[in-house]
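# Structural characterization, general
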2 protein chains.
Amino acid sequence: MNTIVKKEHGIDVAGNSGFVGEYLLYLLAAASDVASADFHAQVRERGLKVPEWRILACLSDTDGQMVTRLSQLSLIEQSHLTKIVDQMAVKGLVKRRSDDRDRRRVRVYLTESGRVLGLELVEAARAHEHAIVKQMRPGEAALLKQALKHIHALYGAGLSALPEETETTSR
Amino acid sequence: MNTIVKKEHGIDVAGNSGFVGEYLLYLLAAASDVASADFHAQVRERGLKVPEWRILACLSDTDGQMVTRLSQLSLIEQSHLTKIVDQMAVKGLVKRRSDDRDRRRVRVYLTESGRVLGLELVEAARAHEHAIVKQMRPGEAALLKQALKHIHALYGAGLSALPEETETTSR
DNA sequence: GTAAAGAATATGAATTCGCATATTTCCGCC
DNA sequence: GGCGGAAATATGCGAATTCATATTCTTTAC
């Protein structure tokens, strides 16, 4: 037979013949890992941990979110998120304020320096993303994002059945 | 103005207007997270931790890999991998054997029960993947995988410059 | 052949993370 | 207008994960 295995060089998982190299969940995790590692290094250089960056990013989009939602958005488990918010509060990046209408809720707001740092990093993230997209075929990135949202939606549906926000503006 | 924000329901990050909901690295992480969570539950039901499953899967593809490479393939940091292999060895799923040509290297082999469990789980993973792919548009999954490999390759290149295996067959 | 430099693993301490649960507050109902 | 139950956070603690480094072995250049 001619299924001679060309010696395995490097990681080249993707070009692998086995199961793993074609397994969707693996490809997702692997792509996420390698692509993120790069940017995460930048995050750490600015003295932030990755989870902190995620929170900054989420708050930059929508400030003053409640802990539970922030935990969902940032992909960080709730009790862990609470601890990270603690640290960020100490660093002066965010501050807590309990919701007036429902005092069980705790909303997290960016401080001024948090906002600044957040914007900076979001810019850096945009640039980083651009660098990646630029290396893909035209339209490939769009399709990719599309498909990723699709997958997210497949499961996200379950999560979508969440208590909605009942506030007009956090004003 | 009519940029009235329809109250935010559920997670629906993907449908978000902000930065995060369109950020590639976020979409990757989020999709990976939600899609995996599902299968990982199955893994735990069989008494395995997620990292253990990853190792089983990699070894099922190519048995007898050295620790370093296994760590790259399985996306697990080296010293952590060592510890997990310890546990798996205790469970009787794998066994270590040092490479004859280079005794610094430790190769990890599946035991018989490890092989069996591995095959079982790979089957389950295939089924699970199938269920996902089935819900996507025809060809969408293929494109997705393609793009993911593409991204992986962008960075993987750096990693590919690795010391190659110099063994004909682990016979 | 031998010392220096580099690889491959393992080990130990320090963090981070996640589960279970306590606590506070809200909500519907009697 | 008080009770039971659910929601939102926080906390304690054990397990998981990482980082720096020790250890062992290999290779290269003298």
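Calculation criteria
Residues numbered from 1 in each chain as written. Chains lettered and ligands numbered in written order. Predicted model: local features only at pLDDT ≥ 70, side-chain atom pairs only at ≥ 80, totals over all residues. Heavy atoms only, no water. Near = heavy atom within 4 Å. Polar contact = N/O pair within 3.5 Å; in protein donor to acceptor, adjacent residues only side chain to side chain. Helix = DSSP H or I, 4+ residues; strand = E, 2+ residues; numbered from the N terminus. Nonpolar A, V, L, I, M, F, W, Y, C, P; charged D, E, K, R; others polar. Pairing = 2+ DSSP bridges. Contact = heavy atoms within 4.5 Å. Axes fitted to C-alpha atoms, helices over the stretch in contact; angles between N-to-C directions. pLDDT = per-residue confidence, 0-100. Expected span 1.5 Å × (residues − 1).

Taken together, 21 residues form the shell around DNA strand D, and within it A:Thr68, A:Ser79, B:Ser79, B:His80 and B:Lys83 come nearest. A distance of 2.3 Å is found between a phosphate oxygen of DNA strand D and a side-chain nitrogen or oxygen belonging to A:Thr68. The separation between a phosphate oxygen of DNA strand D and a polar main-chain atom of B:Arg103 is 3.2 Å. Only helix 3 (67-73) and helix 4 (78-90) of chain A together with helix 4 (78-90) of chain B provide two or more residues apiece to the surface near DNA strand D. Looking at the surface near DNA strand D, the element that brings in the most residues is helix 4 of chain A, giving four residues. Along the lines of polarity and charge, the residues of the surface near DNA strand D split into five nonpolar, six polar and ten charged.

Let us now look at the sheet that holds strand 3 (residues 106-110) of chain B. Residue and element names in this part refer to chain B. Read from one edge of the open sheet, three strands run 1-3-2, paired in antiparallel fashion. Whereas interior strands pair on both sides, the edge strands pair on one side only; in this sheet they are strand 1 (65-66) and strand 2 (94-98). Judged from the two bridges that link them, strand 1 and strand 3 form a sheet pairing that is antiparallel. Bridge pairing links Gln65 to Val108 in strand 3. Along the sheet, helix 4 contacts strand 2 and strand 3; its crossing angle with strand 2, the most-contacted strand, is approximately 120 degrees.

Moving on to the confidence of the model for chain A. Per-residue pLDDT for chain A has a mean of 86; in total, 81% of the residues score no lower than 70. Segment residues 1-10 of chain A: pLDDT under 50, and twelve contacts once partners within four positions in sequence are set aside and those in other chains are kept.

Moving on to helix 1 (residues 24-45) of chain B. Taking 1.5 Å of rise per residue, the 22 residues of helix 1 of chain B would be expected to cover 32 Å, and the 32 Å separating its terminal C-alpha atoms lies within 8% of that figure. With its phi angle positive at about 80 degrees, B:Gly47 sits one or two positions after the end of helix 1 of chain B.

Turning our eyes to something else, we now look at the protein's contact with DNA strand C. Contacts to DNA strand C come from 22 residues, most closely from A:Ser79, A:His80, A:Lys83, B:Thr68 and B:Lys83. Sugar plus phosphate: this is where 60% of the atoms of DNA strand C within 4 Å of the protein reside. Between DNA strand C and the protein, one listed contact pairs a base oxygen with a side-chain N or O atom of A:Lys83 at 2.2 Å. Residue contributions to the surface near DNA strand C peak at four residues, all from helix 4 of chain B.

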